[in-house]
Amino acid sequence: MEGKETDLFEPADIVVYIQGKGIVLKEKSLLAYDIVSKKIIAVGNEVEDIIKNPQKDIKIVSPLRRGIIADYIVAVKLLRFLLIKAWGKKPLIKPPISICVPKGITEVEKKAILDALYQSGAKEIYITIPLEQLLEELPNLPKKWQKVKIFIAITKKEPEYYIAEQISELLCYAGQEGITIERIKQIFKEKIEKE
């Protein structure tokens, strides 16, 4: 099981809404596992406690970044766990699921999300508009939407985290290539002046 360390990458937020119950789950896209046994130790918000008290034998990964899948295998494990947690048990009949994806997602990214949800136990999946908009329009949606019981939103409500994440990656890369902070600042200044 591989993935990105959480001190480098800000995890996405996962919100699960079930018709008749409302929002039943708000979790971070985090998973912690034992590096020797590969056993999952914690998932979602529970991982934040482990981040505060790190242990050398436990690896923490965030398989969803910017609302899209960064690590497919870990994302499947995370989504399976969260679906069971939200539903209360493993359903005998797999319910239709709607996934609310971020704006600007590519077809390849959509396919990765669909595949991960099918692997997580979904039978029928619909990709749709942002969750807040969907919930407002739900009573007036076509009949096919009325059978959907579970709505999942993979989001990041604080876009500044994404910018900070990208800057961290950039600075790390610059350091590896021997580019100074002063030169990075100069490049940023030149780029901003051109916009």
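Check the entry above for the structure.
Residues numbered from 1 in each chain as written. Predicted model: local features only at pLDDT ≥ 70, side-chain atom pairs only at ≥ 80, totals over all residues. Heavy atoms only, no water.

## Observations concerning the overall build of the chain
Test applied: Where helices and strands are cited, they refer to DSSP runs of H or I of at least four residues and of E of at least two residues respectively, numbered from the N terminus. Buried means the residue's accessible area, taken with a 1.4 Å probe over protein chains only, is under 20% of the maximum for its type, while exposed means over 50%, and partly exposed covers the values in between. By definition, residues are in contact when any of their heavy atoms lie within 4.5 Å. Working definition of accessibility: Shrake-Rupley area with a 1.4 Å probe, residue cover restricted to the visible protein chains.
In terms of regular secondary structure, the chain is built from seven helices and 10 strands. The buried share of the chain, taken over its 195 residues, is 39%. In the chain, the proportion of contacts linking residues at least 24 apart, taken out of those at least 6 apart, comes to 64%. Surface summary for the chain: the accessible area is close to 11700 Å², and the carbon and sulfur share equals 56%.

## Things to note about the packing of helix H2 (residues 72-87) against helix H3 (residues 107-120)
Test applied: Axis definition: a line fit to C-alpha positions, over the contact stretch in the case of helices; interaxial angles, taken between N-to-C directions, run 0 to 180 degrees. To sort the angles, those under 35 degrees are grouped as roughly parallel, those over 145 as roughly antiparallel, those from 65 to 115 as roughly perpendicular, and the leftovers as oblique. For a crossing to be left-handed, the near helix must be turned anticlockwise from the far one by less than a right angle; the clockwise case is right-handed. All amino acids are sorted into three groups, where Ala, Val, Leu, Ile, Met, Phe, Trp, Tyr, Cys and Pro are nonpolar, Asp, Glu, Lys and Arg are charged, and the leftover types, Gly among them, are polar.
Where H2 contacts H3, the two axes come as close as 8 Å, and the packing angle between them is 50 degrees. With respect to H3, the axis of H2 lies oblique. For the pair H2 and H3, the sense of crossing is right-handed. Contacts from Tyr72, Val76, Leu79, Arg80 and Leu83 of H2 reach H3 at Ala112, Asp115, Ala116, Leu117, Gln119 and Ser120. Its residues assigned to classes, the contact of H2 with H3 shows seven nonpolar, two polar and two charged.

## Observations concerning H2
Just so we agree on the cut-off: To estimate how far a helix should extend, the number of its residues minus one is multiplied by 1.5 Å.
Helix length check: H2 (16 residues) gives 22 Å between terminal C-alpha atoms against 22 Å at 1.5 Å per residue, within 8%. Buried within H2 are the following residues: Val74, Ala75, Val76, Leu78, Leu79, Leu82, Leu83 and Ala86. Backbone geometry just after H2 places Gly88 at a positive phi near 100 degrees.

## Considerations on the pattern of salt bridges
Threshold: One speaks of a salt bridge when a side-chain nitrogen belonging to Lys or Arg is within 4 Å of a carboxyl oxygen belonging to Asp or Glu.
In this structure the tally under the stated criterion is five salt bridges. Notably, a salt bridge pairs Lys28 with Asp13, separated by 2.8 Å at the nearest N-O pair. Pair noted here: Lys28 is in strand E2 (residues 22-28) and Asp13 is in strand E1 (residues 13-18), with a separation of 15 residues, a long-range link. For the pair shown, Lys28 and Asp13 are each scored as buried.

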